[in-house]
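Spelled out from the first residue to the last, the chains are:
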Amino acid sequence: MTRALIIGGGIAGTITAIALHEAGHEPVLFEAYDRGAEGVGAFLTLAVNGLDALLPLGLKDVVRRTGFDSPRMSIGLGDGTRLAEFSLGGALPDGTVSQTVLRSELYVALRDEAARRGIHAGYGKRLIGASQTDTHVRADFSDGSHAEGDLLIGADGLRSRVRTVIDPDAPSPRYVPLLNTGGFAEGLALPDEPGVLNMVFGKRVFFCHVVSPDGRVWWFANPARKTEPTASELAGLAGEKLRAELLDLVSRDRTPATEIIRATRELYPAWPTYDFPSVPVWHRGRMVIIGDAAHATSPAAGQGASMAIEDAVTLAKCLRDVPEVPHALATYEGLRRERVEAVVAAGKRNGEQKVIGPVGRVVRDFFIKRAFSKPFDEDPNAFMWDHRIDWNAKVAA
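Residues numbered from 1 in each chain as written. Predicted model: local features only at pLDDT ≥ 70, side-chain atom pairs only at ≥ 80, totals over all residues. Heavy atoms only, no water.

## Considering the overall build of the protein chain
Each helix and strand in the protein chain was counted, giving 13 helices and 19 strands. For a compact globule of 397 residues, the expected C-alpha radius of gyration is about 21 Å, and the protein chain comes in at 21 Å, within 12% of that figure. Principal-axis analysis of the C-alpha atoms gives the protein chain an extent of 60 × 45 × 35 Å. Across the protein chain, every contact between residues at least 6 apart in sequence was considered, and the portion connecting residues at least 24 apart equals 74%. Total accessible area on the protein chain is roughly 17300 Å²; 52% of this is exposed by carbon and sulfur atoms. Put simply, the protein chain has 46 plus and 50 minus side-chain charges, and the middle of one group is 5 Å from the middle of the other. (Helix = DSSP H or I, 4+ residues; strand = E, 2+ residues; numbered from the N terminus. Rg over C-alpha atoms; globule rule 2.2 N^0.38 Å. Contact = heavy atoms within 4.5 Å. Areas by Shrake-Rupley, 256 points an atom, 1.4 Å probe, with all protein chains shown as cover. Lys, Arg positive; Asp, Glu negative; His and termini not counted. Charge placed at Lys NZ, Arg CZ, Asp CG, Glu CD.)

## Considering the environment of Ala147
Checked against the element boundaries, Ala147 lands in strand β11 (residues 146-149). In the structure, Ala147 is positioned 142 residues away from Leu5 in sequence and 7.7 Å away in space, judged by C-alpha atoms. Ignoring sequence-local partners within four residues, the contact set of Ala147 consists of Leu5, Phe30, Val137, Arg138, Ala139 and Phe141.

## Structural notes on the sheet that holds strand β6 (residues 82-87)
Here seven strands make up an open sheet; going across it, the order is β6-β5-β14-β15-β16-β13-β17 and the pairing mixed. A single partner strand is all that each edge strand has here, and the edge strands are β6 and β17 (271-275). Averaged over all pairs of adjacent strands, the angle between their axes in this sheet comes to 25°, without regard to strand direction. Of the strand pairs in this sheet, strand β13 (residues 174-185) and β17 are connected by five bridges, and their pairing is antiparallel. By the bridge assignment, Leu179 is partnered in β17 with Pro272. (Pairing = 2+ DSSP bridges. Axes fitted to C-alpha atoms, helices over the stretch in contact; angles between N-to-C directions.)

## Observations concerning the pattern of salt bridges
Side chains that differ in sign of charge can pair as their charged atoms come close. Within the structure shown, the criterion is met by 26 salt bridges. In this structure, Arg265 and Glu186 form a salt bridge, with 3.9 Å as the shortest nitrogen-oxygen distance. Of the two residues, Arg265 is situated in the loop between α8 (257-262) and β17 and Glu186 in the loop between β13 and β14 (197-201); the sequence distance between them amounts to 79 residues. The exposure class assigned to Glu186 is partly exposed, which follows from its relative accessible area of 42%. Notably, a salt bridge pairs Arg225 with Glu245, separated by 2.7 Å at the nearest N-O pair. (Salt bridge = Lys/Arg side-chain N within 4 Å of Asp/Glu carboxyl O. Buried < 20%, exposed > 50% of the residue type's maximum accessible area, 1.4 Å probe, protein only.)

## Here we look at the sheet that holds strand β19 (residues 287-289)
Pairing is mixed in the open sheet, where six strands are placed in the order β8-β2-β1-β12-β19-β18. At either margin of the open sheet sits one strand with a lone partner, and together these are β8 (120-123) and β18 (283-284). Here five bridges tie strand β1 (residues 3-7) to strand β2 (residues 26-31), and the two strands are oriented parallel to one another. Bridge assignment links Leu5 to a residue of β2, and that residue is Val28.

## Regarding the packing of aromatic side chains
Under the criterion given, the structure shown has 12 aromatic pairs. Through a chain of ring-to-ring contacts, three or more aromatic side chains come together here, namely Phe43, Phe68, Phe184, Phe201, Phe206, Trp218, Phe220 and Tyr268. Above the face of the Trp391 ring, Arg320 is positioned so that its terminal group lies 5.0 Å from the ring centre. (Phe/Tyr/Trp six-rings, centres within 6.5 Å; stacked < 30°, edge-to-face > 60°. Lys NZ or Arg CZ within 6 Å of the ring centre and 35° of its normal.)

## Quick word on the domain arrangement of the protein chain
Domains assigned within the protein chain are domain 1 (3-173 + 276-384) and domain 2 (174-275). A C-alpha centroid distance of 23 Å is found between domain 1 and domain 2. Contacts between the two partners involve 42 residues from domain 1 and, on the opposite side, 36 residues from domain 2. Roughly 3200 Å² is buried in total at the junction of domain 1 and domain 2, and carbon and sulfur atoms are behind 67% of that figure. (Domains from an automatic or database assignment. Buried area = accessible area lost by both parts, 1.4 Å probe.)

## Overview of the pairing of β11
The alternating pattern of β11 places Ala147 and Gly149 on a buried face, while none of His146 and Glu148, on the opposite face, is buried. By the bridge criterion, four bridges tie strand β10 (residues 137-141) to β11 in an arrangement that is antiparallel. Following the sheet pairing, Ala139 is matched in β11 by Ala147.

## A short note on the pairing of β1
Where burial is concerned, most of β1 is hidden: four out of the five residues are buried. In terms of handedness, the path from β1 via helix α1 (residues 11-22) over to β2 forms a crossover that is right-handed. As paired elements, β1 and strand β12 (residues 151-154) share four bridges and run parallel to each other. Bridged to Ile7 within β12 is Gly154. (Right-handed = clockwise from strand over helix to strand, strands pointing away.)

So this is what it looks like as structure tokens:
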């Protein structure tokens, strides 16, 4: 049995712990927060490829209880034109479709499930350093404590400490010139079908909303920001100031965005968008990174959580089937790198359509209309949604 120290107790780390436990190993979670990360994060859509990867772990129904079905996406323009509506990856054999979930509720459900299975988690454990020998690893935390195990897994996100321990020359995240914000509007009676993601390339901002089964409207917007904002600039762009900017940005669009923003009691503070085109070093010896620590992708791909789930299941399979830890980690990278870098690239392409000036917007809208004027011969996103992992198939080194 391998003892795995998992740095980061969020969604990626917790699913990795459950997958390793299912594969017969001993995972231990270490979370930097003093307690659980309840209330952290907005909402996300979990694609069918991620849901399928959860099946052998017995987690699909746990996830479904935290959200609602989102089977389709509608694409439109700010002038009110609806261009197309298409499936978000289809359905699994049992009828399961993509799910829209609150990140915090998904986290709590996974955390509780991990605890139910006997997986230990330590809180207030911020990693400050790590070291390794040929047979063991040691993790050192800011509270003066340490832990030892057979391998160390960095599921510690965009600003991963494990990534820089593995490779001090690791690149920094790439700023994607977009901000993210959103919220939940109440008291509206929109005519939209519940669960359908309504995405609009507005005249000055990208806006998406979805009506939940309880009638609330979940939404997000991506205001463009050419230069990366400082922490103080972000702090100044909050509350009613942020609301006023968003209302100005959507004022020229023939969409329900204005009434949605006005009906939102509290807006999420804006945060910047980042990705990683490529992280050169994923593993060294008995240390490895997964999820956003290895390949953060723009939310425009709609695959961040699903990629982390695929990582977790693939890594668990490799550690189950490949005898030596360093070889297992190398095998894991070999199975994942090409796919995740293709997803990051797709997210970058999708995001670029949101960062366009007035002249570029006219050109963009022309080509978008032309592109949707006839059926696609092949869905360009199919490679993301159609991926499947066979838990029972043995991994070869």
